[in-house]
Amino acid sequence: MGFPGCLLLPAGHPLGRSSAACTGAGNTRIPILLAWLWASMTGLPMAASAIPELTQLRLVNGPSRCAGRVEVLHNQQWGTVCDDSWDLTEARVVCRQLGCGTALSAPHRSRFGQGTDRIWLHEVNCTGTEAALSECRARPWGEHKCNHVEDAGVVCSDSNIPDPGPLQLVNGPNRCAGRVEVLHNHQWGTVCDDNWDLTDAGVVCKQLGCGTALLAPVGAHFGRGSDTIWLDEVNCTGTEAALADCRARPWGKNNCHHGEDAGVVCSDSGISAVAQLRLVNGPSRCAGRVEVLHNQQWGTVCDDSWDLTEARVVCRQLGCGTALSAPHRSRFGQGTDRIWLHEVNCTGTEAALSECRARPWGEHKCNHVEDAGVVCSDSNIPDPGPLQLVNGPNRCAGRVEVLHNHQWGTVCDDGWDLTDAGVVCRQLGCGTALAALEGAHFGRGSDTIWLDDINCTGTEAALAECRARPWGNNNCHHGEDAGVVCSDSGLPHLAQVRLLNSPSRCAGRVEVLRNKQWGTVCDDSWDLQDAGVVCRQLGCGTALSAPGGARFGQGSGPILLDEVNCTGTEAALSECRAKPWGDHNCHHREDAGVVCSGSGISQVAELRLVNGPSRCTGRVEVLHNQQWGTVCDDSWDIIDAGIVCRQLGCGTALSAPGAGRFGRGSDLIWLDDVQCKGTEIGLSECRARPWGDNNCHHGEDAGVVCSDTSISEVTQLRLVNGLGRCTGRVEVFHNKKWGTVCNDSWDLQDAGVVCRQLGCGTALSAPTGAHFGRGSDYIWLANVNCTGTEAALSQCSARPWGDTNCTHEEDAGVVCSDSGISEQTSLRLVNGPSRCAGRVEVLHNHQWGTVCDDSWDLQDAGVVCRQLGCGPALTAPGRAHFGRGSDPIWLDDVQCTGTEADLFNCRARPWGYNNCHHGEDAGVVCSDSGISEQIQLRLVNGPNRCAGRVEVLHSQLWGTVCDDSWDLAEARVVCRQLGCGTALSAPGGARFGRGTDPIWLDNLHCTGTEAALSDCRARPWGIHNCNHGEDASVVCSDSSIPQRASIRLVDGSSRCAGRVEVFHNQQWGTVCDDNWDITDAGVVCRQLGCGPALTAPGRAHFGRGSDPIWLDDVQCTGTEAALTECRAQPWGDNNCQHGEDAGVECSGNPLPSRHCGWCWEAFSTDPALLSESALTPAWFNHSRSRSTPTSEWPKSMHRESRGPVDAGPAPIRLVNGPSRCTGRVEVFYNQQGGVCDDSWDLNDARVVCRQLGCGIPLAAPVGARFGQGSNAIWLDDVHCIGTEAALSECNIRPWGDHNCNHTHDASVVCSDVQELQLVNGPSRCAGRVEVLHNQQWGTVCDHDWDLQDAGVVCRQLGCGTALSAPGRAQFGQGSDPIWLDDVHCSGTEAALTKCRARSWADNNCNHGEDAGVVCSEFARPPQLCSSLDPLMPCQHMEELGVPGTQPQPEGATNPEPPGDLDSEMTWLVREDVVL
């Protein structure tokens, strides 16, 4: 064994000349052997050499003493160094200290294996001049927040191993096996597995000095990377010296995602069979779902017989240590590929899982819910043992859960006390017990309740040793889950307060602990200051509201506190001023509540019940915009009523009457189509239409009857989990608790009593076996035996209350005649003209869903019609003929023989397995629908089935109708044929978007009396002279679209340009140009479906009209749907003449404005748009001009087409997020606007991220996660398949057609989220500098801030070079921390954080000194002007609104232009910017 290092001696020491290899500046290094000899000869002790660092550093687990994992000696124990902030500077100090030459690399993430001892150093920060690593700045010894996955390494030049250069294998067991990563442009990235093979892997192994290649695994075998995918379609010959020498696509060009990251296993990795097995979807490669490779395909393992023996084989095979657990039931998610192995039975000695006994490959009787998993000891997941505390602030406080039979479950709080809690705390190493909490204080569990009636003596080593009922034997529900707070939780006050009766531990009724008894707080004087103390005490953030009046239900214990008066600075509620404990003049109707920010609950709207016998019964009214209003009864049911009762503290809901049962209101109808899940804290949190948007009258006002109304017990009955209040699981109310009824002896007579009691008609069926789902509360009744004459179920003969021998699998149900459903309730046809025609929907797992049209035909439709009793099938339309559904797609590839009794007997894929989207929803038309075969007609791309583009079915293919001769006569036939009322309008010009299929009909001539459009006269099928820009449309009276005044553009070059004329009093007339501008013109263009407005010419640009001048002083905001909705003088009231007639020129397509700074990037690659000849004065001054002749616009702007596809992708951006790759989605269509989150999902987000060059989507948040927009909402019902190049290419409604408000703005979070941003400027390349640290953005102080620093920022953001480095908050003052001060960049750094600066947050600044940057690519519009053309004078940047730049003095002359015209861009910038 060699000596571990070199000895440091002062320069000039007698032994200094003996080893030139150890020579360094200022000191001389000699081998330790010579030092030892010197000590032996002279008697000089080693300690006297003033070299304490001698043995305090080593590199281990590498190929030599000069490469490996860094370990330091402290307190006589070796330990590792965390890789936070670890880079070449620190590595140089290590190499110099060890006499190993210079540093080649400073690998992170345990490149040389994970250590097992202490982690001694964290956040090491060397200047590079230190003699030893221990002289560098770092946290105190042993203080860190790391694990051994982050162990730092070093490779020195004297390590005798080749520098692998820009190549590494990561996330594997060692440096010779893992995911392939290459270094390019100072950034690591992955390699795509397209064409990846052993030859390519061989080059990698050779380059790394790891021997030969054993395997070339694909499919992200070693986990998914998160950085750029640098290489794709790598093709090595095998002779290359480095992977970068192999043929491949250009750097960064790929069609891959990180699920295709390539891997390598080299011979020096010490592993072989690893490729045949993997653990996926876990936190590391040593924990996850088990998958095996067979026949070139990965598949899962069924968990039957799966236990620790099999798990040990897996861990050993993967080199992951020993097995900690063998979880069942798809603990790590369900797989989607084959299930390869079933009933695996290992002895434990096998070398690989494939050697264990099992059924033949692929033979099983499992589904993916039973996928097996493994957690190995090297997974960095601590073995929780059979006990854990969950849902609390840390591992020492929370709900008690125990592990039994490989499944976690809860503990019931019956008999639960401090002694039991003490055993838990001791077992977990969490100190002593502070509190033993009951009543699901830390939330309700959802798994098995394993233990009940626990009785510990206090001496047990583990909770499982205490006396208790047998495992799983209990009489509890999850509202009784036990909790514990231990002394090491750091929350001594937590035990004295809790919030109850809400879905979150951070919202609910306030209860405090006094003398081992919980009690409530009276709401006298209760306010936000008091609530704030509670939230802080519980670690729940800040207080959102402090509701009183028993908002979260009435407590049942003592009222302990009254007139609480907190200053807001107290650490606990008990420290606030209040009356003496227990002294109050309150009752439980005044119990105080709290909603904290950590609850995920927003402030709920106020609510009341009026016109009833008590405050707990009546008509529902909500407060919005300072005004009370009612709720419409559409979709109103017992679940919605339950939310109302809970919000008011009125117990549970008994009934949910509609139809104005408690009288008609007279104020606004605020809410309609309310749909609560039952877990909301307030009615305003339930899904519903936007405030005030309804189709109701006050005869439909909703009401509620709550249990605390003093109404007799005859109504204490409900049906839940069904499709309405008249169908569902039977539940009865007893002892203030709801419970179920056992189905022993349950029959139609019993069900009849239930239906009569509820006023739901007669009983259709009495389903048993928990048909409507299992209850979770008490089973109150069993052996019910009604004669049929009883007025209430409680009058029937039955066992005593609560005396049953049943389980919830035997819960009884009822279907009543007034439920609106028949026995065919598991199948329905929706969105059609009758119950016998429409979109097919099936009921599965208590949820409706659609059927995919793959293989859908008349035979399948025939089964549906027969099942519904609707006669034979006429047609089996696909492609969402009856509209797109929004629920799951339950069935696909349905294949009926035609003899089945119902659709579920037909062959099909498993439930929920499909490769479809809702554009493929299947439909059916049965003979009893009252519709003839001429139903082969539809209106598409509109807001509903009664408005849209006309499409007809011919030769089994849908196609459009040309708008030649198209008018109201033809539209009337369409509306009548579809059962959609009368025709309101017959728009042409592809008002509802362009079709893509054949144009079937042209020159239609209907008399208006025809039964179907196909009966009208027309050219032969498919004969036409049209394009899809002429697709005909219809708006029918049943479409709920109001008719607007007609408008047209005349005397122009097309229907999208001309003099504006409006139709009023049966006569056309003009519009005066007073105040006429581009905003008004935009409304006209949108109303006509002509794209954005180009110009708004006045002064009769398109000729003088001769009819009345109808409108004057028009002032549109830009959001109106029609010109007649804009503000203007009364009809015909004007002071104009026809020489002032207004005109409009529309683009004819949604082509965005080319002078939009933020959308410039979308067009910068179009040469026609960047050429000098294309740029005219009108181009740049368009936004300031009142009129611009059409001829002055570039030819590239004038396109014949009228659809977004021909116009190129609409520009897009993400706003209000932490970076340009995260935020609210906005698109540009005449102006920026939002996207509605209806149907918004990851596929849509994927297109956005791709379009912006922001990697892959991480999330597609809805509900205005990044704030509400204020402009137009341009897109709704976006349906992307994920491969589109731009969002505007996805299937969408027409531009501006939506049913949303800005609370539904869609957002995206992409993977390429940067740690640096410029904000509050005109583009992402100019603004205030902000950096991300500790998950929070903050600013940079302008002390010493200069162009060199700004240059690093611009380069890091890919924004070119720095133009200026403005300080003094030129781009506004920030409000977050000031992270950096005294920044000194050399100019060569790759990132701002690499520059020298004070420590994070160490500064003497205020936000008035926030630094800014303007980069050369801040907007690119400088190309829109030219100093060479007197007709195109350059606007100074100050005029363009770019802070930090100075305009030239008036009259100043520009310098002579450079001879090289190719440098005009730079020239234009520099002539206007004073640096």
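Every value quoted in this text rests on a predicted model; they were computed, and no experiment measured them.

Parameters and conventions
Residues numbered from 1 in each chain as written. Predicted model: local features only at pLDDT ≥ 70, side-chain atom pairs only at ≥ 80, totals over all residues. Heavy atoms only, no water. Buried < 20%, exposed > 50% of the residue type's maximum accessible area, 1.4 Å probe, protein only. Helix = DSSP H or I, 4+ residues; strand = E, 2+ residues; numbered from the N terminus. Contact = heavy atoms within 4.5 Å. Polar contact = N/O pair within 3.5 Å; in protein donor to acceptor, adjacent residues only side chain to side chain. Salt bridge = Lys/Arg side-chain N within 4 Å of Asp/Glu carboxyl O. pLDDT = per-residue confidence, 0-100. Phe/Tyr/Trp six-rings, centres within 6.5 Å; stacked < 30°, edge-to-face > 60°. Lys NZ or Arg CZ within 6 Å of the ring centre and 35° of its normal.

K.L.:
Requested: an account of helix α15 (residues 1347-1357), with residues and values cited.
P.N.:
When we look at burial in α15, the residues that qualify are Asp 1349, Ala 1350, Gly 1351, Val 1352, Val 1353, Cys 1354 and Leu 1357. Close packing links the buried residues of α15 with β70 (1316-1323), β71 (1326-1333), β73 (1362-1364) and β75 (1412-1415). Between the side-chain oxygen at the start of α15 and the backbone nitrogen of Gln 1348 there is a gap of 3.1 Å, and the oxygen is on Asp 1346. Among the residues trailing α15, Gly 1358 stands out with phi positive, at a value near 70 degrees.

K.L.:
Describe the pattern of salt bridges, and please don't skip the residues or the numbers.
P.N.:
For the coordinates displayed, the defined rule picks out 40 salt bridges. The partner of Asp 453 in a salt bridge is Arg 469, with the nearest N and O atoms 3.0 Å apart. One end of the pair, Asp 453, is in the loop between β26 (448-451) and β27 (483-486); the other, Arg 469, is in the loop between β26 and β27, and 16 residues separate them in sequence. Judged by relative accessible area, which is 35%, Asp 453 ranks as partly exposed. Among the residues examined, Arg 469 registers a relative accessible area of 28% and is labelled partly exposed. Here Arg 1293 makes a salt bridge to Asp 1276, at a shortest N to O gap of 3.9 Å. Here Arg 1293 is found in the loop between β68 (1272-1275) and β69 (1307-1310), whereas its partner Asp 1276 is found in the loop between β68 and β69, with 17 residues between them in sequence. An identical accessibility class is assigned to Arg 1293 and Asp 1276; each is buried. Each of Arg 1048, Asp 1051, Arg 1059 and Glu 1061 takes part in one network of salt bridges that share partners.

K.L.:
Requested: an account of the confidence of the model for the protein chain, with residues and values cited.
P.N.:
For the protein chain, mean pLDDT is 79; residues scoring 70 or higher make up 83% of the total. Every residue in residues 821-825 scores below 50 in pLDDT, and together they form 10 contacts with partners more than four places removed in sequence or on other chains.

K.L.:
Run through the packing of aromatic side chains, naming residues and quoting values.
P.N.:
Under the counting rule described, the total for this entry stands at 16 aromatic pairs. Each ring, one from Trp 230 and one from Trp 251, has its centre 6.2 Å from the other, and the planes form 75 degrees; the classification is edge-to-face. With a gap of 21 residues between them, Trp 230 in strand β14 (residues 228-231) and Trp 251 in the loop between β14 and β15 (263-266) connect regions that are remote in the sequence. Under the relative-accessibility criterion, Trp 230 is labelled buried at 9%. Accessibility expressed as a relative area gives 35% for Trp 251, which makes it partly exposed. Seen in terms of ring centroids, Trp 670 and Trp 691 are 6.1 Å apart; in terms of plane orientation they differ by 80 degrees. Their pairing is edge-to-face. Note that Trp 670 is positioned in strand β38 (residues 668-671) and Trp 691 in the loop between β38 and β39 (703-706), a separation of 21 residues in sequence. Under the relative-accessibility criterion, Trp 691 is labelled partly exposed at 33%. Site record: aromatic cluster; members linked through ring pairs are Tyr 778, Trp 780 and Trp 801. The ring of Trp 628 carries Arg 608 above its face, with NZ or CZ at 4.0 Å from the centroid. When the ring centre of Trp 1068 is taken as reference, the NZ or CZ atom of Arg 1048 above it lies at 3.9 Å.

K.L.:
Report on the environment of Gln 1067, specifying residues and quantitative values.
P.N.:
Examined against the element boundaries, Gln 1067 turns out to sit in strand β60 (residues 1067-1071). Residue Gln 1067 is classed as partly exposed on the basis of its relative accessible area, which comes to 34%. What Gln 1067 contacts, discounting residues up to four positions off in sequence, is Val 1062, Asp 1107, Pro 1108 and Trp 1110.

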